[in-house]
Structures are given as structure tokens and as C-alpha cells.
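# What the coordinates show
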Amino acid sequence: MLGVHIIGPRATDLIAEATLAVQNGLTLEQLDLTMHAHPTLPEAIMEAALAAQGRAIHIPNRSRLPATWGAPATSEVPAPSSRERTGEGRITPQATLPLHNREQQMVAPVKPPTPLPATAITAKKLELKKENRDFLLRIHRLMQLIRRFEERAQEQYTKAKIGGYCHLNIGEEAAVVGGILPLKLNDYIYTSYREHGHAIARGIDPRAVMAELFGKETGTSHGRGGSMHMFDAKLRFMGGYGIVGGHLPLAAGAAWAVKYHQQKDVVSCLFGDGATNIGAFHESLNYAKVFELPVLWYCVNNRYGMGTPVEAASAVKDIYKKACAYDMESIQVDGMNVREVLLRTSEIVGKVRADSQPRFIEALCYRFKGHSVVDPDKYRSAEDKEKFRKADPIVAFEHELEQSGLADEEYFKAVRQEIDAQVQDIIKFADESPDPKVEDLYKYAYAGEWEERQELRGNPL
Ligand SMILES: Cc1ncc(C[n+]2csc(CCOP(=O)(O)OP(=O)(O)O)c2C)c(N)n1
Ligand SMILES: [Mg+2]
């Protein structure tokens, strides 16, 4: 794409979308893969791209479908024959299949997870002292990995490698790492759609996380879920949920099961500030308190729910105070300070485990990017963004490590380079992994269902 001519209402939003496409040199076919669910505003651009190729569904086509549509420029894969086409601008699944040369695609097993760290987190372990150097540097490396992973994910999205929604953790690394690491491996995690970093911090192989974003079979959910649905039953990472607040009752239910079975596990439920205005939030906290369930309610307050600041959406401005309505111990932590979050979360998790009483943490932070990767982010002032950029949790932690003589700029530079290379490999893995097979569409939809009902197999389209 070289440019776009847009006239009409909300043109600025569409221009932001088009600018991304132009900057990344997307072709019309790639735009088709990038765009969003119907009906959304950016869909207008996708429709325009489709119309230019003769494939639009909702607006008149500008040209007829070219005979070579779908054939990659450099491959010898045949274009769909006219018999394989049905109706105006529609392609049968058989016609699209040859685009994916499945036999030539790599099928590599995903590495077993290597969670970090195995040791309990205490105030002593977090002191900026030589004996803690390895531990602290591992935390720093993990934060950097999440940051770089997310930056590259954004880039891959604009290259049309990732479809659907995509929400990043950039700026929230201390709140994420600090909220996840204090949990034991048998504790359960329920979280929202902004969860790539949570999955990586839990020890899920980042390659499987990226492959899920790419919709590949090697992804954490076999490519069926995408960005908002990371899942790993072995690590008790119970998802990734797209409905704001929708997972809170599930976490309460899991905690009820833990208690019923007289286990000592903690259920950690992470959500955004916006979720605290949802009915399910109040029901879940009430239920957890009435039945004395071992849940940690963990709010990542990044100060915005989409384009709405907390003050405009919540009657109670200090989110942690909402838990008082349910007579719960509740604290607010500086979510830009990883050592503080780790320590306070460890203490609270320990208490929940000891007495099976729910508790609440609010980690105050700031997301550095828009709500999702296609958000033009026009609702926050430049001064505000700059103020929080100066409090970048990774830079702040690096400063502490440097001040205490545990690392220097040369070390940080080397780590950044290593992580760059690692994320490059992660992307390569995702890119070369196979797509799920069309005939397996219903596999994994319900436990046992696909295995037991023959009629669910075969080409569902
Ligand atoms: C029930 C429901 N209502 C609305 C939406 C649309 N929506 C998606 S994310 C979001 C904002 C949520 O903000 P917050 O809970 O603060 O999480 P953040 O995105 O800041 O991490 C909204 C309103 C949704 N997904 N589910
Ligand atoms: Mg928020």
C-alpha cells in the first residue's frame, strides 16, 4: 500500500489504521489478514482492500477477482481454479488450502517449561546484595524478555502475522512479574486478555506463546485461541479471558474446589482496573469472603480501561479500597517497582495460604502503549506519557542494580542483545510452525467431545 484516501466520519481513526499499514508496507492481501472482527471501524479499510481485489462482501467490488488471487508471488502453488470459486468474490476452503504447504512446514516440539524461580521470595532475597545477584539478574532478564517479546509481537501484528486482538504488557512488567513469581507451581492463575507476559513469567515457553499469537498448532492453545487465550493446564495457567471480569467467578469457583479438597493451593486472579466496575467483580469478592476462599485478587491498575481513565469510570478512585466492602485485607503497591511488588505479593500469598482468607492487591502502574496494538492512543497527554516513561520499571530496576554495583551498562547491553536474538528465534519458530488442520477445527473445543463423536471430524467447512 502506498497511501489511502479517506473521507467521512471518524476519518482520523481510520487514518491511524491506514498509516500503520503504509508504514509497514503491507500488501492488500496482508491487510485482509490483519484486520478485525465484523463490525468494527477498521473493517472499513479491510473492506476497501478486499474491494480492490474483487473480494468485498459488504461494499461493491472495484475489480473482478483476479485469476491468480491467492498464489504467493514466488511459489509454484496453483491459483484456485474457477470451479473452486463460489459466488462473487468468495473462495471455497479447498481453494485456499494449497496456500499452506503443510508437508514442508516444521513441526518442532515445544520445550518443557522452565519456571523461575524455585526458591521462596523473602525480603532478604530481594536485598541488593552480592549473594542475591543471580536471583535479581534473572528477574531483570525476565522483565526484559517480556518487554522485547511484546515489542516484536506488535511488529508482527502490523506485518499481518498475528490476527484478531492483541494487548501488550509494555510498562507493566514489574506488576506482572511481581504478581506471578511469588506463586508456587501448584497455585492456579486466572487472568485477563493482556496476558502474554503472565504466561512467560509463569514459565510457559515463549515460543509457544508467540506461536499461539500466530495461530499455529504449536501454540499454547494449539492456535485455536490467539492472544487472549493462553493456557497451560500443567502449569495451572487457566487462561487468558476476553470478557472483562468474566474470569473472576471462575477463580472463585476454583478456590472453592481447592478448599473443598482441603488443599493448600492459592488461586491468583489477575484483572484490570476496569474489571472492578463489573458486577461479577463484586459477586466474586463477596462469595470468596463468605466462603473464606484462598483467592488473591490482583488488580493491575494501569489507570485506563481502553480510553477511559479510572477517575471517569470508578466511584472509588483508590481501587484497593473496594475490597473493604467485603471486609478483606487489601493493599496498594507501587507496580513500577519490581522488588516492592515481589515482596508485598509474597507476604500476601503466604497469608492467603495460611488462613484461607481472600485478600486483595492493587498494583499501580501505567501501560506505555495503546489499549491494543491498533489503538491510536489519542486520549492521554504527551506530558502524562512522558512522566510515566521516566518511571519505566525496567530502567528503574536497572538503576538500582547499577547503584548497588551488581551490574553495569555493559551487562545490560549484552542482555539486550541476547534477548534480541532469543526473540528472533521465537518468531522464527512461530513462523515456521504448521497451521492447525482445517479438519481438526473442533478438536479441543470440549473435553472428550471430538474424540467421542465421529461426526465432528473431517472438514467442517
Ligand atoms: C464485559 C465486557 N465489556 C466490555 C469489553 C470491551 N473491553 C475490552 S478491554 C476493556 C477495558 C478493560 O480495562 P481494564 O480492566 O482496566 O484492563 P486493561 O485493558 O487496562 O488491562 C473493555 C471495556 C469486554 N471485553 N467485556
Ligand atoms: Mg486498565
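How each quantity is defined
- Residue numbers run consecutively from 1 along every chain, following the written order of its sequence.
- Think of it this way: whatever chain is written first is A, whatever ligand is written first is 1, and the rest follow in order.
- With pLDDT at 70 or above as the cut-off, local features in this predicted model cover only qualifying residues; side-chain atom pairs require 80 or more to be listed or tallied, and sums for whole chains, interfaces and linings still use all residues.
- Side-chain descriptors were evaluated using all non-hydrogen atoms of the structure, hydrogens and water having been removed beforehand.
- Sodium, potassium and calcium take a 3.2 Å donor cutoff, other metals 2.8 Å, and in both cases only N, O and S atoms count; water is not among them, so sites may look incomplete.
- Exposed residues in this analysis have more than 50% of their type's maximum accessible area, buried residues have under 20%, and partly exposed residues fall in between, with area computed by a 1.4 Å probe over protein chains only.
- Secondary structure is summarised from DSSP: a helix means a run of H or I of at least four residues, a strand means a run of E of at least two, and numbering begins at the N terminus for each.
- The criterion for strand pairing is that DSSP finds at least two bridges linking the strands in question.
- Counted as salt bridges are all cases of a side-chain nitrogen of Lys or Arg within 4 Å of a carboxyl oxygen of Asp or Glu.

Now for the coordination of the magnesium ion (ligand 2). The magnesium ion (ligand 2) binds to the protein through Asp-273 (OD), Asn-302 (OD1) and Tyr-304 (O); the donor distances cover 2.1 to 2.2 Å. Within one chain, the residues donating to the magnesium ion (ligand 2) are spaced in sequence as D-x28-N-x1-Y. A single burial state applies to Asn-302 and to Tyr-304, both of which are buried.

A word on the pairing of strand β10 (residues 359–364). Here β10 lies mainly inside the structure; 5 of its 6 residues are buried. Judged from the 6 bridges that link them, strand β6 (residues 295–301) and β10 form a sheet pairing that is parallel. Across the sheet, Trp-297 pairs through a bridge with Phe-360, a residue of β10.

Attention now moves to the pattern of salt bridges. For the coordinates displayed, the defined rule picks out 24 salt bridges. Asp-377 serves as the salt-bridge partner of Lys-385, at 3.5 Å between the closest nitrogen and oxygen. Taking relative accessible area as the criterion, Lys-385 reaches 25% and is therefore assigned partly exposed. Salt bridges sharing partners connect three or more residues here, namely Glu-329, Lys-351, Asp-355 and Arg-359.

Of all 5 residues in strand β3 (residues 188–192), 5 are buried, a share of seventy percent or more. Residues of β3 alternate between two faces, with Tyr-188, Tyr-190 and Ser-192 on one and Ile-189 and Thr-191 on the opposite face, all of them buried. Sheet analysis places β3 next to strand β5 (residues 267–272), joined by 3 bridges and oriented parallel. Bridge pairing in β5 places Ile-189 opposite Ser-268. Bridge count for β3 against strand β4 (residues 237–241) is 3 bridges, and the pairing is parallel. Considered in β4, the bridge of Thr-191 is made with Gly-240.

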